Amino acid sequence: MGLTPRVRRAAPGLYKTGVFYILKPRHQWPHGVLICGAVPVRKARDVERALEAPVPCLELRLDYLEAGLVEVRRVLEEAVARRTVIFTVRRREEGGAWRGGEEERAELYLKLLDLSPHYIDVEAESPIIRQVAGAKGGSRLIASRHDFEKTPPLEVLTQWARRAAELGDVVKIVTYAREPGDGLRVLSLIGAAPKPTVAFAMGPAGAYTRVAAAALGSPIMYVSLGEATAPGQISADAYYAALLAVGIAPEGEGLPAMREALDWIDGGLMYLLKRRLEVCRDMGRLKKAAGLAIYDDAREAQVLRRAGDFKQIFELVVQMCKAVQIVA
Ligand SMILES: O=C1C[C@@](O)(C(=O)O)C[C@@H](O)[C@@H]1O
């Protein structure tokens, strides 16, 4: 995936990438990014619902847990059996919902490791990371660092990534972009560290980095399945559509991988159709307010001409879009 000369000039660090770190999670897209639904887990039902979502990976955020682990243990075991799973108990200092002490948090992590998740996510600077690293067994440790207010200078980011690489199997650096240029700094960490590196920026100004990171070889990307767990997080459908828009889709060999590719493409198509209906609804309101006719035969003929071989499909799409304008 080449970078345009303009991006290379804007962020020399980005140019170094090109080596896609291939992890071996159960559901691996050939180019490497693992799409992961980030799920605030308050009770078992939250996990059951997440297991219905069209994503190969779930980050189960157990810092939100309201009940004890015993209430959700069975469904966590089911999740680990059916998806690639990351367990995270995010502390308050790094944007989490954990309200207990560090000792209690370490205890919960150790109990979660008994369920053999594919990944466990602990903050690189937290006092318990060595204890968790020592007990991780076959689980991979994501050593993470989050800044929910800003994106520090590149030398600080590089130091964070170096520290995280000392203990983590995967490095994760997530900052807040106050303006788009902040995103380029954090993206330049991808491929620069000696370990697979997840790096992107939160917030509206950093939203593009969630797609760019995948194109640059970041191994995991977080999407929302309803309730976002961070600013700028986008929905799974929107993410699939965005990746498709920049030409990223799984190729994969064999029927299962091709079916997963179709699921991915269908998710993107459904997102774009939903967006088309929303725009048409708004257009219906505008036409009514301006006293304009809802139907525009010339425009309809133009859309169907542009549809080419998909004319039949677009005839149905146009009918649906006219219907939403009438009732708008
Ligand atoms: O670190 C991350 C990334 C994230 O903060 C995001 O911006 O999508 C969401 C968190 O749940 C996850 O642990």
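Think of each chain on its own: its residues are numbered from 1, step by step along the sequence as written. Restriction of local features to residues with pLDDT of at least 70 applies here, the model being predicted, together with a cutoff of 80 or more for giving and counting side-chain atom pairs; totals for whole chains, interfaces and linings are based on all residues. Computation of side-chain values: all heavy atoms of the structure, hydrogens and water removed.

**Describing the site of the ligand**
Argument step 1. To be near a molecule or strand, a residue needs just one of its heavy atoms within 4 Å of it. The environment of the ligand is made up of 13 residues, and the closest members are Glu59, His146, Lys172, Arg210 and Gln233.
Argument step 2. Here an oxygen atom of the ligand and a side-chain polar atom of Glu59 are 2.6 Å apart.
Argument step 3. To be clear on the numbers: accessible area is Shrake-Rupley with a 1.4 Å probe, and residue cover counts the displayed protein chains and nothing else. Compared with its free state, where it exposes 320 Å², the ligand has 99% of that area covered by protein.
Argument step 4. Helix and strand assignments come from DSSP, with helices taken as H or I runs of at least 4 residues and strands as E runs of at least 2, each series counted from the N terminus. Mapped onto the shell around the ligand, the elements with two or more residues apiece are β2 (57–61) and β7 (197–202).
Argument step 5. Grouping the constituent residues of the shell around the ligand by class yields 5 nonpolar, 3 polar and 5 charged. Here a polar contact means two N or O atoms within 3.5 Å. Within protein one must be a hydrogen donor candidate and the other an acceptor candidate, and residues neighboring in sequence count only if both atoms are side-chain atoms. Ten residues, namely Ala, Val, Leu, Ile, Met, Phe, Trp, Tyr, Cys and Pro, are considered nonpolar, four, namely Asp, Glu, Lys and Arg, are considered charged, and the remaining ones, Gly among them, are considered polar.

**Observations regarding helix α4 (residues 69–82)**
In an α-helix, one turn spans 3.6 residues, which is why side chains three or four residues apart end up on the same side.
Argument step 1. To estimate how far a helix should reach, multiply one less than its number of residues by 1.5 Å. Counted at 1.5 Å a residue, the expected span for α4 with its 14 residues is 20 Å, and the 19 Å between its end C-alpha atoms agrees.
Argument step 2. What is called the bend at a residue is the angle between a pair of axes, fitted to the seven residues leading up to and ending at it and to the seven starting from it. Remark: the principal bend of α4, roughly 30°, maps to Val75.
Argument step 3. Exposure classes here rest on a 1.4 Å probe applied to the protein chains alone. A residue is buried below 20% of its type maximum, exposed above 50%, and partly exposed in between. Of all the residues in α4, the buried ones are Leu69, Val72, Val75, Leu76, Ala79 and Val80.
Argument step 4. We call two residues contacting when some pair of their heavy atoms lies within 4.5 Å. Next to the buried residues of α4 lie α3 (44–50), β2, β3 (84–88) and α5 (102–113).

**Description of the domain arrangement of the chain**
Argument step 1. Note: domain ranges come from an automatic or database domain assignment. If you check the domain split of the chain, you get domain 1 (14–257) and domain 2 (261–325).
Argument step 2. Each of domain 1 and domain 2 has a C-alpha centre, and these two points are 36 Å apart.

**Considerations on the nonpolar core**
In globular proteins that are soluble, nonpolar side chains generally tend to be buried together.
Argument step 1. To qualify as a nonpolar core, a set must consist of buried Ala, Val, Leu, Ile, Met, Phe, Trp, Tyr and Cys residues joined through side-chain atoms within 4.5 Å. Of all hydrophobic cores here, the largest spans 81 residues; its most connected members are Leu60, Leu76 and Phe87.
Argument step 2. In terms of residue count, the dominant contributor to this core is α4 (6 residues).
Argument step 3. Filtering out sequence-adjacent residues up to four positions away, Phe87 remains in contact with Leu60, Leu62, Leu76, Val80, Tyr109, Leu112, Leu115, Pro117, Tyr119, Ile120 and Asp121.

**Thoughts on the sheet that holds strand β5 (residues 140–146)**
Argument step 1. Pairing between strands is defined by DSSP: at least two bridges between them are needed. The strand order across the open sheet built from 8 strands is β7-β6-β5-β4-β3-β2-β1-β8, with neighbouring strands paired in parallel fashion. Two strands bound the open sheet, and with one partner strand each, they are β7 and β8 (220–224). Strand-to-strand twist of the sheet, defined as the mean angle between neighbouring strand axes without regard to direction, takes the value 25°.
Argument step 2. Here 5 bridges tie strand β4 (residues 119–123) to β5, and the two strands are oriented parallel to one another. Across the sheet, residue Val122 finds its bridge partner in β5, namely Ala143.
Argument step 3. The strands that helix α7 (residues 154–167) touches are β5 and β6 (170–176); relative to β6, the one it contacts most, it runs at about 150°. Every axis corresponds to a line fitted to the C-alpha atoms, with the helix fit spanning only the stretch in contact, and the corresponding angles, defined between N-to-C directions, vary from 0 to 180 degrees.

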